[in-house]
Each structure stands twice: as structure tokens, then as C-alpha cells.
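Chain residues, written in single-letter form:
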Amino acid sequence: MIEIKDLHKSYQMGSNSLHVLKGIDFNVEAGELVAIMGSSGSGKSTLLNILGMLDVADSGEYLLDGLPIKNLNETKAANYRNKFLGFIFQSFNLINYKTALENVALPLYYQGVGRKERQEKALKYLEQVGLKEWSHHLPSELSGGQKQRVAVARAMAAEPKVLLADELTGALDSTTSYEIMDLIQKINDLGNTILVVTHEDDIAHMCKRIVHLKDGVIVEDKKIEQVRASQYVQ
Amino acid sequence: MFSRDTWREIFVTIRKNKLRTFLSGFTVSLGILIFITLFGMGNGLVNTFDEFFSQDATNVIYVFPGRTSIPYKGYKSNRTIEFDNSDLKDIEETFPMFVEYISPRIFRTATTTYGEESNDYTTIGVDWGQQFAEKTIIMQGRYINQRDVEERTRNAVIGRLVEVDLFNGRNAIGKFIDIGGSVFKVVGVFQDEGGDNEERQIYIPYTTRQLIEKNTDKINQIVIQFKPELGYTGAVALEKNLVRFLKDKKFISPDDQNGFFVRNVAENLKQNQDFAGVLQLIVSVVAFGTIIAGIIGISNIMVYVVKERTKEIGIRKAIGATPKRVIGSILLESIFITTVSGFTGMLIGIGVLKWIGNTLKEDYFITNPYISTGVAIFATIILIFFGALAGYIPARRAARIKPIVALRNE
């Protein structure tokens, strides 16, 4: 699903150049649930941004479902993001004046899906994350866990090829974190490819594979025995 | 871009962000409202000005007698100049191409009596053409006519307020009044836009006045109404020739400015129109300034609005909004708000002007303030256009920001 070869990225910090990614080689198959781990400054967020087409690499190859991702203009990047990728952020990033339902329906709006179909689909995904009854509430009326569920539903709504989650439990307490991970696991069980960036060990171990990043290179890449989050959830 | 979905999305955004919508709409409304009120008031001021200076016909030259100040051709200075009937005839014969009517005016104040009521009024001996120079409007009966002048009849035309004073509102036509010891029959009642003073005057044939005064042929003033086709330049030329002719006839030095005086209404009118033009210009500059202030106001708000929405723009981009759609929706939203509020402000402004009407005429010299629909709509569209432009520039910049940067914006 994702093929990355010799990816380099450096940031210009005044006169110094900060080499953040120093040649990443990395493949993800369809249906995988991968945790990308590393301390801050290891380059994991940068990698995720490049994978998410929110940022561009200096050199290297990036194929998404066989499609080379390079030299994208803003419009094309936006279209690819809309079609191929779903984002889940640490700070939820819901639009605060839109209801849960409207937030979930927004990616479909940008896909040009008709209003009625949008609402039906959005409701379906809200139901999947267990928030059907909350569909007409504003984000301010929801708890942190509920907001993240809405964000997951939104990421799912466009039916992307890959879900990218950036510290998706970073702003949540551990119980809620497990609930969200339980949801992520269930989505993965349905065959969705998911990448999770985290620095929390327990969260990483709820994935099926852990990729360790240190100082811009992959130091460890191993498949693990998945810890099911459902056992922590009542 | 203009699908129903786009509009629905915009309406939702507008409805959910009431303060923002109110602020930008209010700025535009207020700007247009102030512009229209100000511009209308300015027009009202110009109206007052026009009204003030256009009570009398504009194609009139008045000639007043004076005293010479320079000795000339054997005559000493300080000689009193008088006009008589022959001057009327000579002017008419010398300038037949220019003169439409010519009339003398002989002013006398006389005690006028009807029954028990008595009062002092200015009586003016005139020729029948005088009616047109003063824009005298006959309410009842008729004006002095040619027969009155030729046959020296004792007919009089009295002002509206003379009738009010002497007849207590009863009809004066056909009644006989005593003017300074002579009996006149009232043949007409007139009104005059010139005001109360002019409506307390009495017109009689100048020939009758001369007959009463021992059959003299002296007259006070000469009123010449020239043909309107002459225009301003023609009027100035006529005035020049007339002065030369009269100076020659009355043996007044060409350099003597005091032998008689000429007032050319056309020339005054030109100056007054120039003055009114300057007034209009000042009003326009002020109104233009208001529009500029409005544009700056809406620009500020648009910059703030886009700044406030930077994160939202980042979210929208991350989930697949293209820059075009981001700019499009911000732009459409701002155009929608400015259009609705702009035209609301415009209608309120026009309403305010209607409501003011003539209430400010007495104290503030503002008559019938108005703004032409074209100017109002033009100003509104200008404001909408610049409101949109002011929204476009920051929106374009915001849409170019990388989503990752916009998302970090808290």
C-alpha cells in the first residue's frame, strides 16, 4: 500500500540545516496496523506529514497504492488527501461551529457527494463509532473521547486507503485512550490500513507492527503480538 | 462553485458565526448609510442654494440710475442720471435682436385703503412685460396688459398678502382701492416665490403713474429681458453694448462706473452655479472619504476573519479542500454578507433621506435631500467589490499556507 525508498528531509534553521529524515526505507501492506514510535525529534511526525502529503520530502520515492507522490501542486495534493487519506489528530481538529454529523460529512462534501448521501454516510460512520445519538451536538458539547471518535468517523467517512493518526490518544486519559484504540483495532479488523504515530508503549503494542525511529533513521521494525484493547474496556 | 450545496455550506457558516457576520455586515451597512445620508444632505444644501438664487428669471438685465463721478463733454461730475420713456424706446430699437421685453419700474410707496383697512405698500409702475422678469404668478384675474399701458387705465394688480391685509381673505377682484389718493380697480392678485416682501407690492401701469405725476416721462429703473437663446456669452455681450450705448446717450465718460449701474442676472447666476458646483465637489469629496473609510473598515474585518479562520482552513485542507474551494467559499461568504448588508444600508439611507424630507429646511438650509439611485447603487457595488477584494487577498494567503502550519495555529 505504501512504499518508501531512501526518503530524506532537512529543515533550514537559519544558517544551519537540520537533517531530520536520513534515508527511510519503509513498506506498509494493505490491512496493516503500524505504530511509528520514537522520542521527540526522532522525525516521526515529519515522516507522517510527508506520508500525509502535508509536507514534501527533499529526495526519495513515495508510492501510495502504486501511485507516485511527487511534484504535487496544492490542488492535486488536496484531491489526493481527500481520496486516499484520512487524518486523525492529537487535538481532534473538528470545526467547532459544525455539529458532529456536519464534521463527519465534510470530507464527502469536498468529494462532491450529494447532500442526502453525505448525511446517510456520515450517520453510518457515527453509528460505527457509537455516537449516533450525539450527531447533532457541537464539539464543545462532547467529551475528549467523543471528539476523537467523531474525528475517527470523519477520517473514515471518505473511505480512504490509509488512515493516519498523529498521537491520537495524546490528549486523552488512559481509559479513553483504550476505548479509542479498541475502535481503531475494530476498524483495522475490517481491513483498513492504519498508521499510528505515538510515543506511548502501551498504545504501540496495541498495533500489529512497531517501527522505531531514532535520529532520522529506522532502528527497529518488528511485527508484534497485538494486545487487544477491548480487555481494558468495560 | 455556485451549486446549492456551496450556498448551504455558506449559510451554515454565516448562521453559526453570528458575531462575525454582524460585525462585517454592520460595517458595510453603516458605511453605505453614512455615505447616502451625507451625499443626500449635500444635495439638499445645493438644492437650497439653487432655490435661493433662481426665484427670478435668469435672462434679465436691470439698469439702475446713479450719479456721474467724472466730468465729461462739458458736464460736471456728480450729475444725477435719470431715465425716461425715450430710453426704453431707444434700447428697444437699438437691440431688436436681443430684447424680448423691456419694462420700466417706477417705485413709489403709497398708503393704500380699502374700506376700513389701510396700509403702506410699494407700488411699482410697470410695463406689461415685467411679469415675466419677476416670475410673477397670477392667482386670480390678470396682469397689467398692453391696453392698460397704452390707455393709462387705473387698473392695479395686488400681491397675495395685500389681499390678505386689506380684504381679510375676501375676493379683491373688481373692488376699488385708494392708492395715494387715486382710485384703482383691482384686476388681478399675484403670488411670487421671492417671499413675503414681494407679495406686499402693487403693480400699476407705468404710464398711469406718470400721468398722476403731472404727465412726466421719467422712469426709475429699466428691466430688460433678453432672449434666452443668447446664453451666458450673449448676455455678457449685450450688457457691454448696452452700457456703451447708454453712456454715449447720457454723455457719461466711458470710464465712469457710477453714472448708472447694471445687474446682469445671467452673470450672477453663472457665479452662483460655480459656487454650487464647488459645494457639490466638497460634498463629493467628503462622501468619497466615507466610502474609503468603509472600505478600510471592511478590509480590517476581513483580515481578522481570515486570520481567525486559519485553523479551520487548515482542517478543511487536510480533509481535502482545494485552495480554490477555500478561497471560493470565503469570498462568496464575504460577498454575500456585504451585498445583503450593503443594500440594506442603502435602503435605510434612502429611507432616512425620505424621512428627513424638508424638516431641516428652516434651520439647516437642507431642501429635499436626495441621492440618485445610480449613485447609491454604484457606491454600494464599489464597497462590495472592495470588501470582496479585501477578503480575497488574505483568503488567498491563508489557502496557500501548508495545512500542517495552519493546524498548529491555535
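Residues numbered from 1 in each chain as written. Chains lettered and ligands numbered in written order. Predicted model: local features only at pLDDT ≥ 70, side-chain atom pairs only at ≥ 80, totals over all residues. Heavy atoms only, no water.

Where an unreviewed UniProt entry is consulted, chain B appears under the name ABC transporter permease, with the organism given as Robiginitalea aurantiaca.

As named in an unreviewed UniProt entry, chain A is ABC transporter ATP-binding protein, taken from Robiginitalea aurantiaca. Under the UniProt heading Sequence similarities (unreviewed entry), the entry covering chain A gives this text: "Belongs to the ABC transporter superfamily." (UniProt positions renumbered as here; feature names shortened; annotations may be inferred.)

Asks: What am I meant to see in the overall build of chain A here?
Replies: A tally of helices and strands in chain A yields seven helices and ten strands. Considered along the principal axes of its C-alpha atoms, chain A spans approximately 50 × 40 × 35 Å. Partitioning the contacts of chain A with sequence separation of at least 6, the portion at a separation of at least 24 is 70%. Looking at chain A as shown, the accessible area adds up to about 10100 Å², and 47% of this sits on carbon and sulfur atoms. Each charge class in chain A can be summarised by its mean position, and for the 26 positive and 30 negative side chains these summaries are 6 Å apart. (Helix = DSSP H or I, 4+ residues; strand = E, 2+ residues; numbered from the N terminus. Contact = heavy atoms within 4.5 Å. Areas by Shrake-Rupley, 256 points an atom, 1.4 Å probe, with all protein chains shown as cover. Lys, Arg positive; Asp, Glu negative; His and termini not counted. Charge placed at Lys NZ, Arg CZ, Asp CG, Glu CD.)

Asks: Honestly, the side chain of A:Glu32 in this entry has me stumped. Any pointers?
Replies: Among the structural elements, A:Glu32 can be located in the loop between strand S2 (16-28) and strand S3 (33-37). Those residues in contact with A:Glu32 that lie beyond four places of it in its chain are A:Asn27, A:Asn188, A:Asn192, A:Thr193, A:Ile194, A:Arg209 and A:Lys223.

Asks: What is the right way to read a positive patch on the surface from this model?
Replies: All names here are of chain B. A surface patch of like charges, here positive, comprises Lys307, Arg396, Arg397 and Arg400. A per-element tally of the positive patch places helix H13 (residues 373-400) first, with three residues. Relative to the helices and strands, Arg397 is located in helix H13. Owing to a relative accessible area of 56%, Arg397 belongs among the exposed residues under this scheme. (Patch = residues over 30% accessible without salt bridge, like charges linked within 9 Å, V, L, I, M, F, W, Y side chains within 5 Å. Salt bridge = Lys/Arg side-chain N within 4 Å of Asp/Glu carboxyl O. Buried < 20%, exposed > 50% of the residue type's maximum accessible area, 1.4 Å probe, protein only.)

Asks: Looking at this structure, how should I read the sheet that holds strand S1 (residues 2-13) of chain A?
Replies: Residues and elements named next belong to chain A. Read across the open sheet, the four strands follow the order S2-S1-S4-S5; overall the sheet is antiparallel. This sheet does not close on itself; its edge strands, each paired only once, are S2 and strand S5 (67-68). Summarising the sheet, strand S4 (residues 59-64) and S5 pair through two bridges and their orientation is antiparallel. Opposite Leu64, over in S5, you have Leu67 as the bridge partner. Along the sheet face, helix H1 (residues 44-51) touches S1, S2 and S4 and points at about 120 degrees away from the line of S1. (Pairing = 2+ DSSP bridges. Axes fitted to C-alpha atoms, helices over the stretch in contact; angles between N-to-C directions.)

Asks: What is the right way to look at the interface of chain B and chain A in this model?
Replies: Many descriptions give the size of an interface as the accessible area lost when the pieces come together. Listed by partner, the interface residues are 29 residues for chain B and 27 residues for chain A. For the chain B and chain A pair, buried surface summed over both sides reaches about 2600 Å², with 55% attributable to carbon and sulfur atoms. Along the contact surface separating chain B from chain A lie eight residue pairs in polar contact (both at pLDDT 80 or more). Those elements giving two or more residues to the side of chain B that touches chain A turn out to be helix H1 (4-16), helix H10 (310-318), helix H11 (323-356), H13 and helix H14 (403-408) of chain B. Of the residues forming the side of chain B that touches chain A, the biggest block, seven residues, is contributed by H1(B). (Buried area = accessible area lost by both parts, 1.4 Å probe. Polar contact = N/O pair within 3.5 Å; in protein donor to acceptor, adjacent residues only side chain to side chain.)

Asks: Could you clarify how one ought to interpret the packing of aromatic side chains in this entry?
Replies: Any aromatic ring pair is given by two values, namely how distant the centres are and how the planes are angled relative to each other. A full pass over the atoms with the stated rule returns 19 aromatic pairs over all chains. A centroid spacing of 6.2 Å and a plane angle of 15 degrees characterise the contact between B:Tyr62 and B:Phe64, whose relative ring orientation is stacked. By relative accessible area, which is 2% here, B:Tyr62 ends up buried. Through a chain of ring-to-ring contacts, the aromatic side chains of B:Trp7, B:Phe11 and B:Phe336 assemble into a single cluster. The ring of B:Tyr75 is capped by B:Arg79, whose NZ or CZ atom sits 4.4 Å from the centre of that ring. One cation-aromatic arrangement involves B:Arg325 over A:Tyr109; the distance from NZ or CZ to the ring centre is 4.9 Å. (Phe/Tyr/Trp six-rings, centres within 6.5 Å; stacked < 30°, edge-to-face > 60°. Lys NZ or Arg CZ within 6 Å of the ring centre and 35° of its normal.)

Asks: What is the right way to look at the pattern of salt bridges in this model?
Replies: It is possible for side chains of opposite charge to pair when their charged atoms get near one another. All names here are of chain A. This model, assessed by the stated rule, comprises 27 salt bridges over all chains. A salt bridge links Lys161 to Asp65, with the shortest nitrogen-to-oxygen separation between them at 3.1 Å. A residue pair is termed long-range when its members are at least 10 positions apart, and Lys161 in the loop between helix H5 (144-157) and strand S7 (162-166) and Asp65 in the loop between S4 and S5 qualify at 96 residues. Residue Lys161 is classed as partly exposed on the basis of its relative accessible area, which comes to 30%. Across the pair Asp189 and Arg228 runs a salt bridge whose closest N-O atoms are separated by 2.8 Å.

Asks: Please clarify how the nonpolar core should be interpreted in this entry.
Replies: Nonpolar side chains in soluble globular proteins generally cluster together in the buried interior. Residue and element names in this part refer to chain A. Among the nonpolar cores identified, the biggest contains 67 residues, and Ile2, Ile4, Phe26, Leu47, Leu51, Leu64 and Leu195 are the most heavily contacted of them. Excluding anything up to four places from it in sequence, Leu64 contacts Met1, Ile2, Met53, Ile69, Phe84, Leu85 and Val162. In this structure, Leu163, Ile194, Ala204 and Ala229 belong to the second largest nonpolar core, which totals 44 residues. (Core = buried A, V, L, I, M, F, W, Y, C linked by side-chain atoms within 4.5 Å.)

Asks: Would you explain the packing of H11(B) against H13(B) in this entry?
Replies: Packed helices, taken two at a time, are described by their axes: the angle between them and the distance between them. Residues and elements named next belong to chain B. Following both chains from N to C, one finds H11 and H13 inclined at 155 degrees, their axes separated by 8 Å at the closest point. Classified by the angle between their axes, H11 and H13 sit roughly antiparallel to one another. Crossing of H11 over H13 shows right-handed handedness. When the residues that make up the contact of H11 with H13 are grouped by side-chain class, the tally is 16 nonpolar, seven polar and one charged. (Parallel < 35°, antiparallel > 145°, perpendicular 65-115°, else oblique. Left-handed = near helix turned anticlockwise from the far one by under 90°. Nonpolar A, V, L, I, M, F, W, Y, C, P; charged D, E, K, R; others polar.)

Asks: Help me out: how do you make sense of the UniProt feature "transmembrane region" (unreviewed entry) in chain B in this one?
Replies: Residue and element names in this part refer to chain B. Using the residue numbers shown here, the UniProt feature "transmembrane region" (unreviewed entry) corresponds to residues 21-41, 278-305, 326-350 and 370-393. Annotated as residues 21-41, this span is 100% helix and 0% strand, and its ends, taken at the C-alpha atoms, are 30 Å apart. Regarding residues 278-305, the helix share stands at 100% and the strand share at 0%, and the terminal C-alpha atoms are separated by 40 Å.

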